[in-house]
Amino acid sequence: MQTRSTPREPLLKRLTQIEPAPPWGGGTVILMVVSAFLLLIAGSFVALTWLPANPEAKLFGWGLGNAGLIGLVTLRIRNRPEQRQALRLRPNGTPLPFVLFIAVGFALALDLLSLVITGGAFLVAPELIGAEAQGSLITWVLAVVVLVVLQPISEELVFRGYAFPWLRAAFGAWPGLLLASALSAFFHFLIFPPDYSLTQPATGSFPALWFGLVLPFLAALVIGATRAITGSTRAAIIAHAGFGLFAVLKLLALAG
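On a predicted model such as this, the values are computed, not experimentally measured, just so you know.

> Any chance you could explain the overall build of the protein here in plain terms?
Tallying secondary structure elements over the protein gives nine helices and zero strands in all. Each helix and strand of the protein, ordered N terminal to C terminal, gives the series α-α-α-α-α-α-α-α-α. On C-alpha atoms alone, the protein measures out to a radius of gyration of 18 Å, which is about the 18 Å that the 2.2 N^0.38 rule sets for 256 residues. In terms of overall dimensions, the protein has a C-alpha envelope of 50 × 40 × 30 Å along the principal axes. A total of about 12,000 Å² of accessible surface is found on the protein, and carbon and sulfur atoms cover 73% of it.

As structure tokens, then:
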């Protein structure tokens, strides 16, 4: 039976409590990360080939890649009940609306920190570069579907579902949290390069590095802490969706 720490336990204790080692090894973790990378590249290639002149092609391609990754994980665990259990996807009593609310609050706090650190740069998430200039209904629909639904599910299955418990079992609570977060941030940096040169020509290299790598790392720390405290990958998915929702709302503010 899937369990989680009791609410009476201190947050720090829940954060540092390591769950039993998952029934997969480092090879599976590498396979899933590489599969995620290749599927997103393939989805982008297909979309840009089919819709070369469409400004929403990149978003559509990333949506295809994320959907493909969700399908891959579903196939992998279909006949592996021990892996389904270890992925911690079942409801466990965690108040998911509260998790969403807290995640949006953290996203707002990190964005305010970004304004201070970058000297007032108010930039969209790298996934949405150029979208603020479109303003079409299809852009908004794709932004919500990709950043609030597909991306949270697919990335959390890989980074907080597969990678997180194995890294913590192998390297310890804090190193595992940091490594899983760094892996997630580096993946983002490669897949969603922070090239603001076309939409924000005056943007320097530091703001691009901050929004492309450092901010995703900080967000991943929050999502990873959510996974550790709740013992639930489902809660991590909701937390990621909160960050995605904030990114879409920020896009609305910039487009507005």
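> Can you help me understand the nonpolar core in this one?
Formed by 60 residues in total, the largest nonpolar core has its most connected members in Leu128 and Phe243. Elements represented by at least two residues in this core include exactly helix H2 (26–50), helix H3 (57–77), helix H5 (96–117), helix H6 (137–171), helix H7 (173–191), helix H8 (205–230) and helix H9 (233–255). Sort the elements by how many residues they give to this core and H6 lands first, with 11 residues. If we ignore the near neighbours within four places in the chain, the residues touching Leu128 are Leu59, Ala143, Leu147, Ala247, Val248 and Leu251.

> Would you mind showing me how to read the packing of aromatic side chains here?
Aromatic ring pairs are reported here in terms of the distance separating the ring centres and the angle at which the planes meet. If you walk through the whole model with that rule in mind, you get five aromatic pairs. Here Trp62 and Phe192 contribute two aromatic rings whose centre-to-centre distance is 4.7 Å and whose plane-to-plane angle is 90 degrees, an arrangement assigned as edge-to-face. Taken as a pair, Trp62 in helix H3 and Phe192 in the loop between H7 and H8 lie far apart in primary sequence, 130 residues in all. Under the relative-accessibility criterion, Trp62 is labelled buried at 7%. A relative accessible area of 1% means that Phe192 is categorised as buried. Ring plane angle 85 degrees and centroid distance 6.1 Å describe the contact between Trp166 and Phe171, whose orientation is recorded as edge-to-face.

Criteria and thresholds
- Residues numbered from 1 in each chain as written.
- Predicted model: local features only at pLDDT ≥ 70, side-chain atom pairs only at ≥ 80, totals over all residues.
- Heavy atoms only, no water.
- Helix = DSSP H or I, 4+ residues; strand = E, 2+ residues; numbered from the N terminus.
- Rg over C-alpha atoms; globule rule 2.2 N^0.38 Å.
- Areas by Shrake-Rupley, 256 points an atom, 1.4 Å probe, with all protein chains shown as cover.
- Core = buried A, V, L, I, M, F, W, Y, C linked by side-chain atoms within 4.5 Å.
- Buried < 20%, exposed > 50% of the residue type's maximum accessible area, 1.4 Å probe, protein only.
- Contact = heavy atoms within 4.5 Å.
- Phe/Tyr/Trp six-rings, centres within 6.5 Å; stacked < 30°, edge-to-face > 60°.

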